Amino acid sequence: MKFSRYLVPTLKEDPSDASIMSHRLMIRAGLIRKESAGMYIYLPLGMRVLRKVIDIVREEMDRSGALEFLMPELTSADLWKESGRWQTMGPEMFRIKDRNSLEYALAPTHEEAFTNAVRSIVSSYRDLPLNAYQINTKFRDEIRPRFGIMRSKEFIMKDAYSFDMDKEGLEQSYQAMRRAYRTIFKRCGIETIPVEADTGSMGGSDSEEFMVASEVGEEVLLLCPECKYKANQERAEYQRPEPANEAAEELRTVETPDVRTIDELAAFFNCSADRFLKSLIYLADGVPVMAVVPGNREINEVKLKKALGANELELAPDSVVQSVTKAPVGFAGPVNEFNVRTVCDISVKTIHNAITGANQKDRHFAGVNAGRDFIVKEEFDITSAKAGDTCPKCGSAMNERRGIEVGHIFKLGYKYTKSMNLTVLDEKGKAVHPIMGCYGIGVNRTMAAVVEQNYDEKGILWPISVAPFHVHLVGIAKADDEIAAAEEMYTSIRASGIDVLFDDRRVSPGIKFADADLIGIPIRVTVGKSFFQNDEIEIKLRRQSEIVKVRHEELLTKLRTIIEEEASRLRG
RNA sequence: CGGGAUGUAGCGCAGUCCGGUAGCGCGCUGCGUUCGGGACGCAGAAGCCGGGAGUUCAAAUCUCCCCAUCCCGACCA
């Protein structure tokens, strides 16, 4: 491809609305442009990268035995009503009507659509196992799209759904995907950390997320340096400290005028935050519940929601807090009897002589002991693990890192096959529900993650597997014969089947080199002075600073060798 | 949805406090000189100053309303 005939609108300055490197670089390098919030245009160069990522995903999915489909984006409301998610999906699902007022969703995911398709097509155990996938656009009305193509309203996802006769089959399908995912991300040139994960609104049991470690990641991961325990904070467990051996004090009331927050209380009582029991009022599906956790701990709403079995969970407004506790916000506690459901973190009963709100304005209780002063009726793990907490498996102190979720695999179970009544006949002619697994990869998010992990101060450093071109040929030619020679070079490289971008623009060399660095094609070939005078062609890898000079006739062989070397580093 | 900020040429920004003919840098077009790490000169094109309403002789600038974008939080595969 000739640069002069291509369209690569590189920018010298950072766009004002891009906060993370991958977003900045993808816009500056002319890969994408913003159309509006959460919607992006893929320019030709960006499209090439996207296609390479898609090709890798498709190859590995096909290799795993999965079958590619293409599903409608418009999914009829009936399907969603069948599974019950028309209600539970909430406002993130785009809902539209056609001219006859029939309702549809712009698919945010395709469990229903695939289950329905398989239901109507497959009727025998002989057709299973089946892993059906597609690479298609998804729509989500994100509360806050951000970070460019990392979180957008419209994004490309590879989603796969496996159907097996039994749990053993599902396990095999799941493991096949685990392997395929590791290969896919390795081939894309990114390091991922597979972590245990929450299954979210999809429902299910075993679940693994593939995270790209990144400062700007939206997920928090807990990693044990000793054993292999790795989990998303949404789900990470941790061991609670042993209770201190303390004699129980008398329960007493303390006047605490205007002391509400844990920080204020710690200062007022001159003790550490873990001495307090923090009591928060939530609305679980609209019903008030109280959650009690140690004062130095954050409530984990994902865990709480799951513990409560709730679909919707939100912090209750002040008015509800007041009507439940009969006190202003800041003085809630578990000691008095309420007729609201109260759930405690599993550590609550180990805290002796705690301080809690007294459910009266400006009063707290001190010397509170679970079991004596209030009964722990329900206890769950409802607090978030954090750096330094002890690993649930081996007891070592865990580390915290941030990550970007690029892939997610999990065992779905029977949720959709039962709710939508998908059955096949087994060997004995009996109708059984297949068991499902679900496997997603954020394709354009993966592309962003590649950049997030591969750049320097000058621009992107594409791994050769997803680079828009393999070779960036920079022609620095003045005279007509030089221009012709550079052109000839381009023709011969291209004729040899190497993917080459030829910068034939009539601009100064500085601009060409700066653009080459910014765009980040892995191999740069320069034909200039040294070529026209000494027949020496310069080869420079984007990741390295050395320049290798080769003679004309060696060039193609050398390029093939480098391409092969670069590619072999990324093979699974 | 709460808190904060910003909307002025394709991009990055000044001008707004204190009302008086729309500016700078980059990019773009033409001509010339340059030509191995973002060259230079000359000449150009390009803006309903986010939208609406108001105040005023006069509004990018003041007032009110709306919209959009970004950041933090809440929320979310």
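Here the residue numbering is sequential within each chain, running from 1 through the sequence in written order. Whichever chain is written first becomes A and whichever ligand is written first becomes 1, with later ones labelled in order. Given that the model is predicted, a residue must reach a pLDDT of at least 70 before its local features are reported, and side-chain atom pairs must reach 80 or more before they are shown or counted; all residues, however, enter totals for whole chains, interfaces and linings. Excluding hydrogens and water, the side-chain figures rest on all heavy atoms present in the structure.

1. Looking at the packing of helix α1 (residues 21-28) against helix α11 (residues 443-453)
Relative to each other, α1 and α11 sit at 100°, their axes nearing to 8 Å. In terms of orientation, α1 lies roughly perpendicular with respect to α11. Between α1, through Met-21, Ser-22, Leu-25 and Met-26, and α11, the contact on the second element is made entirely by Met-447, Ala-448, Val-451 and Glu-452. Between N-to-C directions, angles span 0 to 180 degrees; the directions come from axes that are lines fitted to C-alpha atoms, helices contributing only their stretch in contact. Segments assigned H or I by DSSP are reported as helices when at least four residues long, segments assigned E as strands when at least two residues long, and all are numbered from the N terminus. Put simply, angles under 35 degrees are roughly parallel, angles over 145 are roughly antiparallel, angles from 65 to 115 are roughly perpendicular, and the rest are oblique. Any two residues whose heavy atoms approach within 4.5 Å at even a single point are treated as in contact.

2. What about the sheet that holds strand β29 (residues 523-527)?
Paired through backbone hydrogen bonds, the strands of a sheet run either parallel or antiparallel to each other. The five strands are arranged β28-β27-β29-β30-β31 in an open sheet whose pairing can be described as mixed. Sheet topology places β28 (500-503) and β31 (547-551) at the edges, where each strand pairs with a single neighbour. Neighbour-to-neighbour, the strand axes of this sheet turn through a mean angle of 25°, independent of strand direction. We call two strands paired when DSSP finds no fewer than two bridges between them. Relative to β29, strand β27 (residues 471-475) is paired through five bridges, and the arrangement is parallel. For His-472, the partnering residue across the bridge sits in β29 and is Arg-524. Contacting β27, β28, β29 and β30 (536-541), helix α12 (residues 480-495) crosses the sheet at an angle of about 170° to β28.

3. As for α12
For α12, built from 16 residues, the straight-helix expectation of 22 Å at 1.5 Å per residue is met to within 8% by its first-to-last C-alpha distance of 22 Å. Listed in full, the buried residues belonging to α12 are Glu-482, Ala-486, Met-489, Tyr-490 and Ile-493. Seen along its axis, α12 keeps its buried residues to an arc of 95°; they face one direction. Those residues of α12 that are exposed and aimed more than 90 degrees away from the buried face are Asp-480, Asp-481, Glu-488 and Ala-495. The span expected for a helix works out to 1.5 Å for each residue beyond the first. The rule is simple: take the accessible area with a 1.4 Å probe, protein chains only, and divide by the maximum for that residue type; under 20% is buried, over 50% is exposed, in between is partly exposed. Relevant arc is that of directions from the helix axis to the C-beta atoms, nothing else.

4. Focus: helix α6 (residues 167-187)
An α-helical turn contains 3.6 residues, so any two residues separated by three or four positions project in the same direction. Its 21 residues place the ends of α6 30 Å apart at the C-alpha level, agreeing with the 30 Å of an ideal helix rising 1.5 Å per residue. Of the residues making up α6, those classed as buried are Gly-169, Leu-170, Ser-173, Tyr-174, Ala-176, Met-177, Ala-180, Tyr-181, Ile-184, Phe-185 and Arg-187. One side of α6 carries all its buried residues, which in axial view fall inside an arc of 160°. Among the exposed residues of α6, those oriented more than 90 degrees off its buried face are Lys-167, Glu-168, Gln-172 and Arg-179. Directly after α6, the chain includes Gly-189, whose backbone phi takes a positive value near 85°.

5. Regarding the pattern of salt bridges
For this analysis, a salt bridge means a side-chain nitrogen from Lys or Arg found within 4 Å of a carboxyl oxygen belonging to Asp or Glu. Taken as a whole and judged by the stated rule, the model has 44 salt bridges. Taking the shortest distance from any N to any O, the salt bridge between Asp-381 and Arg-240 comes out at 2.7 Å. With Asp-381 in the loop between β20 (378-380) and β21 (399-413) and Arg-240 in the loop between β12 (230-232) and β13 (252-255), this pair connects stretches of sequence that are 141 residues apart. Its relative accessible area of 21% is what places Asp-381 among the partly exposed residues.

6. Focus: the domain arrangement of chain A
The start and end points of each domain follow an automatic or database-based domain assignment. Under the domain assignment used here, chain A contains domain 1 (15-209 + 404-452), domain 2 (252-380) and domain 3 (469-569). Each of domain 2 and domain 3 has a C-alpha centre, and the two are 67 Å apart.

7. Some details on the nonpolar core
In this text, buried Ala, Val, Leu, Ile, Met, Phe, Trp, Tyr and Cys residues form a nonpolar core when linked through side-chain atoms within 4.5 Å. Counting residues in each nonpolar core, the largest one holds 59 residues, and the members touching the most others are Leu-31 and Trp-462. Among the domains, domain 1 (15-209 + 404-452) and domain 3 (469-569) are the pair contributing at least three residues each to this core. Sequence-distant contacts of Trp-462, defined by excluding residues within four places in its chain, comprise Leu-31, Val-49, Val-450, Val-451, Ala-467, Pro-468, Ile-519, Gly-520, Ile-521, Pro-522 and Arg-543. Counting 23 residues, the second largest nonpolar core, distinct from the first, contains Leu-473, Phe-502, Val-525 and Val-550.

8. A word on the protein's contact with RNA strand B
Being near a molecule or strand, for a residue, means having at least one of its heavy atoms within 4 Å of it. Near RNA strand B you find 37 residues, and of these Arg-140, Phe-155, Glu-301, Asp-517 and Glu-538 are the closest. For RNA strand B, the fraction of protein-proximal atoms (within 4 Å) that sit in sugar or phosphate groups is 52%. Of all the secondary structure elements, the ones that give two or more residues to the surface near RNA strand B are β8 (154-164), α8 (301-308), β21, α13 (509-519), β29 and α14 (529-534). Of all the elements, α13 adds the most residues to the surface near RNA strand B, at seven residues.

9. Overview of the environment of Phe-338
With respect to the helices, strands and loops of the structure, Phe-338 is situated in the loop between α9 (318-325) and β17 (341-345). Residues Phe-338 and Met-290, 48 residues apart in the sequence, show an inter-C-alpha distance of 9.3 Å. Excluding its chain neighbours within four sequence positions, the residues that come into contact with Phe-338 are Met-290, Val-324, Thr-325, Gly-333 and Asn-359.

10. A look at the side chain of Lys-303
Structurally, Lys-303 can be placed in helix α8. In this view, Lys-303 contacts Gln-233, Glu-234, Arg-235, Ala-236, Glu-237, Asp-381, Ile-382 and Thr-383; residues no more than four positions away in its chain are not counted.

11. Quick look at the packing of helix α2 (residues 44-63) against α11
In contact at an axis separation of 10 Å, α2 and α11 are set at 110° when each is read in the N-to-C sense. Our classification of the angle between α2 and α11 gives roughly perpendicular. For the element pair α2 and α11, the recorded crossing hand is right-handed. Residue-level inspection shows Gly-46, Val-49, Leu-50, Val-53 and Ile-54 of α2 in contact with α11, the latter providing Val-443, Asn-444, Thr-446 and Met-447. With the far helix as reference, a near helix turned anticlockwise by less than a right angle produces a left-handed crossing, and one turned clockwise produces a right-handed crossing.

12. Points about the sheet that holds strand β19 (residues 363-368)
The three strands are arranged β13-β19-β18 in an open sheet whose pairing can be described as antiparallel. Two strands lie at the open edges of the sheet, namely β13 and β18 (354-360), each paired on one side alone. Direction aside, the axes of adjacent strands within the sheet are offset by 35° on average. Pairing analysis gives four bridges linking β13 to β19, with the strands arranged antiparallel. Bridge pairing in β19 links Thr-253 to Phe-365. The sheet contacts of helix α7 (residues 262-269) involve β13, β18 and β19, and relative to β13 the element is tilted by about 100°.

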